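Descriptive analysis of the structure
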Amino acid sequence: MASRARQRPASGGRAVFAALAALAAVASTGCADDSDPEVGALRVDQLREGGLVMPVLESAPSPSFPYPAEALEEGAGGDIVLRIRITDAGRVDSVAVVTSSGHSVLDSAAVEGARQLRYRPAQHGGAPTAIWAQLPVHYPAPGPRG
């Protein structure tokens, strides 16, 4: 039986948020030689009173977030925070960079990758609803080529 330590009952989406964080940690796999981008846990921008069910990622993030060849060649890496709007149909229809990696090629790749993600939409009061959230994306700096 799995431990549910630190899970707080009845606080809106906290339990779901914790589950999303755990799924995001499992979602990034790869070899030590790879520079696979990592997509972090979704953070909801606005809280709604009672009955909010967080969106659930249905598509795999890895293929949607390729590491741009130009960034690999330059040894560029960084962290990006995106603000995304997930529609009531589960599609991402709006993406903006909140925090830049400092490398426009990585920022652009993250924006394009986020547009490809598909979610089971958030629900409020049992009905699908659009929601704004922040999505962190990490591009690890590639190791030296040998």
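Residues numbered from 1 in each chain as written. Predicted model: local features only at pLDDT ≥ 70, side-chain atom pairs only at ≥ 80, totals over all residues. Heavy atoms only, no water.

1. A few points about the pattern of salt bridges
To keep things clear, this is the line we draw: A side-chain nitrogen of Lys or Arg and a carboxyl oxygen of Asp or Glu constitute a salt bridge if their distance falls within 4 Å. Counting from the N terminus, the helices are DSSP H or I runs at least four residues long and the strands are E runs at least two residues long. Exposed residues in this analysis have more than 50% of their type's maximum accessible area, buried residues have under 20%, and partly exposed residues fall in between, with area computed by a 1.4 Å probe over protein chains only.
Summed over all chains, the structure comprises two salt bridges. A salt bridge links R120 to E58, with the shortest nitrogen-to-oxygen separation between them at 3.5 Å. Highlighted residues: R120 in strand β7 (residues 119-120) and E58 in the loop between β4 (56-57) and α2 (61-64), separated in sequence by 62 residues. The exposed category is assigned to E58, whose relative accessible area is 52%. Between R85 and D93 there is a salt bridge; the shortest N-O distance is 2.6 Å.

2. A word on the nonpolar core
Put simply, the rule reads: Grouping buried Ala, Val, Leu, Ile, Met, Phe, Trp, Tyr and Cys residues that are joined through side-chain atoms within 4.5 Å yields what is termed a nonpolar core.
F65, L82, I84, Y119, L135 and Y139 are the most contacted members of the largest nonpolar core, which totals 28 residues. Broken down by secondary-structure element, the contributors of at least two residues to this core are β5 (78-86), β6 (92-99), α4 (104-116) and β10 (131-139).

3. Some thoughts on α4
What counts, and what does not: Here the expected length of a helix is defined as 1.5 Å per residue gap, with one fewer gap than residues.
The terminal C-alpha atoms of α4 lie 19 Å apart, and with 13 residues this matches the ideal 18 Å at 1.5 Å per residue to within 8%. Of all the positions in α4, only L106, D107, A109, A110, V111, G113 and A114 are classed as buried.

4. Quick word on the sheet that holds strand β3 (residues 52-53)
What counts here: One bridge is not enough; two strands pair if DSSP finds at least two bridges between them.
Here we have three strands laid out as an open sheet, ordered β3-β8-β9, and antiparallel in their pairing. Two strands close off the open sheet at either side, each with one partner strand: β3 and β9 (127-129).

5. Re the confidence of the model for the protein
For the record, the criterion: Values of pLDDT, which run from 0 to 100, indicate the predictor's confidence residue by residue. Contacts between residues were defined by any pair of non-hydrogen atoms, one from each residue, lying within 4.5 Å.
In the predicted model, the protein carries a mean pLDDT of 76, and 68% of its residues have values of at least 70. When pLDDT is averaged over each element of the protein, β6 comes out on top at 97 and helix α1 (residues 14-27) at the bottom at 36. Note that residues 1-33 has pLDDT below 50 and, in this model, 20 contacts with residues that lie over four places away or in other chains.

6. Looking at the packing of aromatic side chains
Short version of the rule: Classification of ring pairs rests on two measures: the distance between centres of Phe, Tyr or Trp rings, Trp counted by its six-membered ring, which must be within 6.5 Å, and the angle between planes, read as stacked under 30 degrees, edge-to-face over 60 and tilted in between. Two limits define a charge over a ring: the Lys NZ or Arg CZ must be within 6 Å of the ring centre, and within 35 degrees of the ring normal.
If you walk through the whole model with that rule in mind, you get one aromatic pair. Over the face of the ring belonging to W132 we find R83, whose NZ or CZ atom lies 4.1 Å from the ring centre.

7. A look at the side chain of S64
Turning to its location among the elements, S64 is positioned in helix α2. Since its relative accessible area comes to 14%, S64 is described here as buried. Not counting residues within four places of it along the chain, the set of residues in contact with S64 comprises G113, Q116 and L117.

8. Observations regarding the environment of E74
The residue E74 is located in helix α3 (residues 69-74) in this model. What makes E74 exposed here is its relative accessible area of 53%. The sequence separation of E74 and A141 amounts to 67 residues, and the corresponding C-alpha distance is 9.4 Å.

9. Regarding the pairing of β6
Where β5 lies against β6, six bridges are found, and the strand directions are antiparallel. Residue L82 lies in a different strand from β6, and its bridge partner there is V97. The hairpin turn running from β5 into β6, its antiparallel successor, is five residues long, and G90 in that turn takes a positive phi close to 90°.

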